[in-house]
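Chain by chain, the residues run as shown.
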Amino acid sequence: MKLVSVRKNSYVDSVFLMLLSKELKESPGIADATVTMGTPMNIELLKEQGFSEGSLEGAGAADLVIALDCDSRDIFEKALLTVDDMLAGKRSKKGRNKNSEAPRSLKSALEQMPDANLAIISVPGQYAALEAKKALSAGLHVMLFSDNVSLDEEIALKKIAREKGLLVMGPDCGTAIINGKPICFANVVRRGPVGIIAAAGTGLQEVSCLVDRFGSGISQGIGTGGRDLKNALVGGATMLMGIEALGADPETKTIVLVSKPPATEVAQAVLKALEKSGKPSVVHFLGLKAPHAESKNIYWAENLEEAARLGALLAQGKSVDTAGEDTEAWPFDMNRASIEAILKHETSGMAREQKYIRGYYTGGTLADEAWLLLHKLTGAVYSNNQTDPALVPPDPKKSIGRPHPMIDPSTRTDRIEAEIQDPEIAVMLLDCVLGYGSHADPAGAMVPVLKKAKEAAKKRGGYLSVIASITGTEGDYQSYAQQKAKLEEAGVIVMPSNYQAARLAVMILEMI
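Cut-off values and rules
- Residues numbered from 1 in each chain as written.
- Predicted model: local features only at pLDDT ≥ 70, side-chain atom pairs only at ≥ 80, totals over all residues.
- Heavy atoms only, no water.
- Helix = DSSP H or I, 4+ residues; strand = E, 2+ residues; numbered from the N terminus.
- Buried < 20%, exposed > 50% of the residue type's maximum accessible area, 1.4 Å probe, protein only.
- Contact = heavy atoms within 4.5 Å.
- Areas by Shrake-Rupley, 256 points an atom, 1.4 Å probe, with all protein chains shown as cover.
- Lys, Arg positive; Asp, Glu negative; His and termini not counted.
- Charge placed at Lys NZ, Arg CZ, Asp CG, Glu CD.
- Pairing = 2+ DSSP bridges.
- Axes fitted to C-alpha atoms, helices over the stretch in contact; angles between N-to-C directions.
- Expected span 1.5 Å × (residues − 1).
- Bend = angle between axes of the 7 residues up to and from the residue.
- Core = buried A, V, L, I, M, F, W, Y, C linked by side-chain atoms within 4.5 Å.
- Disulfide = S-S within 2.5 Å.
- Parallel < 35°, antiparallel > 145°, perpendicular 65-115°, else oblique.
- Nonpolar A, V, L, I, M, F, W, Y, C, P; charged D, E, K, R; others polar.

Trainee: Would you mind going over the overall build of the protein with me for this structure?
Mentor: In terms of helices and strands, the protein carries 18 helices and 17 strands. Considering only C-alpha atoms, the protein reaches an extent of 60 × 60 × 45 Å along its principal axes. Counting only residues that meet the buried cut, the protein has 51% of its 512 residues in that class. Contacts in the protein between residues at least 24 apart in sequence constitute 71% of all its contacts with a sequence separation of at least 6. In the structure as shown, the protein presents an accessible area of about 23500 Å², 52% of it carried by carbon and sulfur atoms. Positive and negative side-chain charges in the protein, numbering 57 and 63 respectively, have mean positions lying 2 Å apart.

Trainee: Honestly, the sheet that holds strand S5 (residues 141-144) in this entry has me stumped. Any pointers?
Mentor: Overall, parallel pairing links the three strands, which are arranged S4-S5-S6 in an open sheet. The strands lining the two open edges of the sheet, one partner per strand, are strand S4 (118-121) and strand S6 (168-169). Taken strand by strand, helix H6 (residues 125-137) contacts S4, S5 and S6, and its axis lies near 160 degrees from that of S5.

Trainee: Could you clarify how one ought to interpret helix H16 (residues 442-459) in this entry?
Mentor: Since the α-helix packs 3.6 residues into each turn, any two residues three or four apart lie on the same face. Spanning 18 residues, H16 covers 27 Å between terminal C-alpha atoms, matching the ideal 26 Å at 1.5 Å per step. Of all bends in H16, the biggest is about 30 degrees, found at Pro448. Of the positions making up H16, those classed as buried are Pro442, Ala443, Met446, Val447, Val449, Leu450, Ala453, Lys454, Ala456 and Ala457. Buried positions along H16 lie against helix H15 (410-418), strand S15 (425-433), strand S16 (465-471) and helix H17 (480-489). Of the residues one or two after H16, Gly461 is the one with positive phi, at around 90 degrees.

Trainee: Please explain the nonpolar core as it appears in this structure.
Mentor: Across soluble globular proteins, you tend to see nonpolar side chains buried next to one another. Core analysis: the largest hydrophobic core is formed by 60 residues, its most contacted members being Leu429, Ile467 and Leu504. Examining the composition of this core, we find that nine residues originate from one element, helix H18 (residues 498-511), more than from any other. Each residue touching Leu504, except ones within four places of it in the same chain, is listed here: Ile339, Ile342, Leu343, Ile467, Ile493 and Met495. Residues Leu167, Leu257, Val266 and Ala273 belong to the second largest nonpolar core, which totals 26 residues.

Trainee: I tried to follow the side chain of Thr202 on my own but got confused; where do I start?
Mentor: Inspection of the secondary structure assignment puts Thr202 in helix H8 (residues 201-213). With residues near it in sequence (within four places) discarded, Thr202 still touches Gly363, Gly364, Thr365, Leu366 and Met406.

Trainee: In this structure, what is going on with the state of the cysteines? I would like to understand it.
Mentor: A covalent bond between the sulfur atoms of two cysteines is what we call a disulfide. Counted by the stated rule, this structure contains zero disulfides. Unpaired in this structure, Cys432 has its nearest cysteine sulfur neighbour in Cys209, at a distance of 11 Å.

Trainee: When you look at the packing of helix H10 (residues 237-248) against helix H11 (residues 264-277) in this model, what are you seeing that I'm missing?
Mentor: Each packed pair of helices is defined by two parameters, the angle between the axes and the distance between the axes. Between H10 and H11, the shortest axis-to-axis distance is 9 Å and the interhelical angle comes to 5 degrees. The pairing of H10 with H11 is recorded here as roughly parallel in orientation. Residues Met239, Leu240, Ile243 and Gly247 of H10 touch H11, and the partners they reach there are Ala269, Val270, Ala273, Leu274 and Ser277. Broken down by class, the residue content of the contact of H10 with H11 amounts to seven nonpolar, two polar and no charged.

Trainee: Got a minute to help me understand the sheet that holds strand S2 (residues 30-37) in this structure?
Mentor: Within a sheet, neighbouring strands are paired by backbone hydrogen bonds and run either parallel or antiparallel to one another. The strand order across the open sheet built from three strands is S1-S3-S2, with neighbouring strands paired in antiparallel fashion. Since the sheet does not close on itself, it has two edges, and those belong to strand S1 (2-7) and S2, each with one partner. Ignoring which end each strand starts from, the neighbouring axes of this sheet average 15 degrees apart. Looking at chain direction, S1 and strand S3 (residues 64-70) are connected through six bridges and run antiparallel. Paired with Arg7 across the bridge in S3 is Leu64. Sheet strands touched by helix H1 (residues 14-25): S2 and S3. Its angle to S2, the strand with the most contacts, is close to 165 degrees. Contacting S2 and S3, helix H2 (residues 40-48) crosses the sheet at an angle of about 165 degrees to S2.

Trainee: Help me understand the packing of H15 against H16 in this model?
Mentor: Interhelical geometry of H15 versus H16 gives an angle of 5 degrees and a closest axis separation of 10 Å. Between H15 and H16, the interaxial angle falls into the category roughly parallel. Where H15 abuts H16, its residues Arg412, Thr413, Ile416 and Glu417 lie against Ala445, Met446, Val449, Leu450 and Lys452. Across the contact of H15 with H16, the residue classes tally to five nonpolar, one polar and three charged.

Trainee: Any chance you could explain unusual backbone geometry here in plain terms?
Mentor: For the bond from Gly170 to Pro171, the omega torsion is 5 degrees, close enough to zero to count as cis. Mapped onto the fold, Pro171 is located in the loop between S6 and strand S7 (175-178). Within the chain, Asn9 stands out as a residue other than glycine whose phi angle is a positive 50 degrees. Structurally, Asn9 can be placed in the loop between S1 and H1. With a phi angle near 50 degrees, Asn179 is a residue other than glycine that sits in the positive phi range. When you line up the elements, Asn179 lands in the loop between S7 and strand S8 (181-184).

Written as structure tokens, this is what we have:
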């Protein structure tokens, strides 16, 4: 049965909401659980999941909504007690100082941490701008994790920040690495001479991890929020301040910029700022080809991996001629002979009807990079991230409205499970994102359903190729090496980057 409880004026930050949902779903007798704020979009998603209009009536953006698909009302009531316990902080945590009281305002937080210079804001969008303004007035940089902040509020906040010489990262900014500290969804990477500014969360994660694996490190990783470059009125305010800051930072030798396509006038301002910095700079605008215009210090990357590699090389003072680069070269320990062996093995057992690649992604930027590459092969890739409305699938919200799959992998594994019997799938393409905020064992959570999918294909007389990449490092608590070993034990081909994984999938399709 589908039951709902609405707690009026009970805001909970989005990361904790995801953890609550995950905790409840793992409880006996609960088939599905969504704990969320009652924003109009979330209410619509719950209705699409089958929860009645009446049970959701009156829920507002500041209200906590607990929606469960469970076996009985008794189980539902017990689940509500679990939510109460977690919200009240009654579950003990190792290392908690029982004598310290959690601050309930910016003022009390600063009393406990007078040397703090950065505030992370994660409150409902209607209150976020006010809290961010308070932080700026207190002389704090701001990471605005909250979304649903209006365009006018974003512009006003970034104007104030510029006047005070402070950064506003966001709104809707979920990833940063500041002074070596991973913030929100980020990875443990070594310190070094490469500074990253990104209007793409998992794009920043992928590039920072690859820079680490290329043997270099990160000075700063600055997130901007998605509208910073895309909207001409925002004007790339955070990006431009980030370029200025990294340009003046003696520890930063190279600047790497990653973004989805910016507004034309914003792109011009950003490139002018990079030239003015005088530092070697790498630019990757997803989906846009590099212009022919020459620049003394700007290098264009065609993908996230190349952005990381060029950034690492330039930081070492090496000269890089991107135009003369061997585009057939494979990175790390991969070589052409190894790839050909993989292609032969992965295609030899496929049945005639197997002809499609199916991508199951947790990272939005990684999904974009993959479908853009696949689009070159077919000219028609369906995706819930598609910019062409004609290529958005009829059920784009099927796997949305539940905890983020980086926290709760069941959002993705349930989708794979539902499509296991599709005889036309030739390749499953996956990401595996490690780091703070992510599931403790994302590879382990995927392995059972991937094995089941491969076995189902075998029973039909075919062969299912599963290709993955891992965004992470050995410093992440999930361990890159351990995650890779689990996937490979299940017969998954693990490529060194998301770009290489998508590229291999393209090559497999070209051979069958």
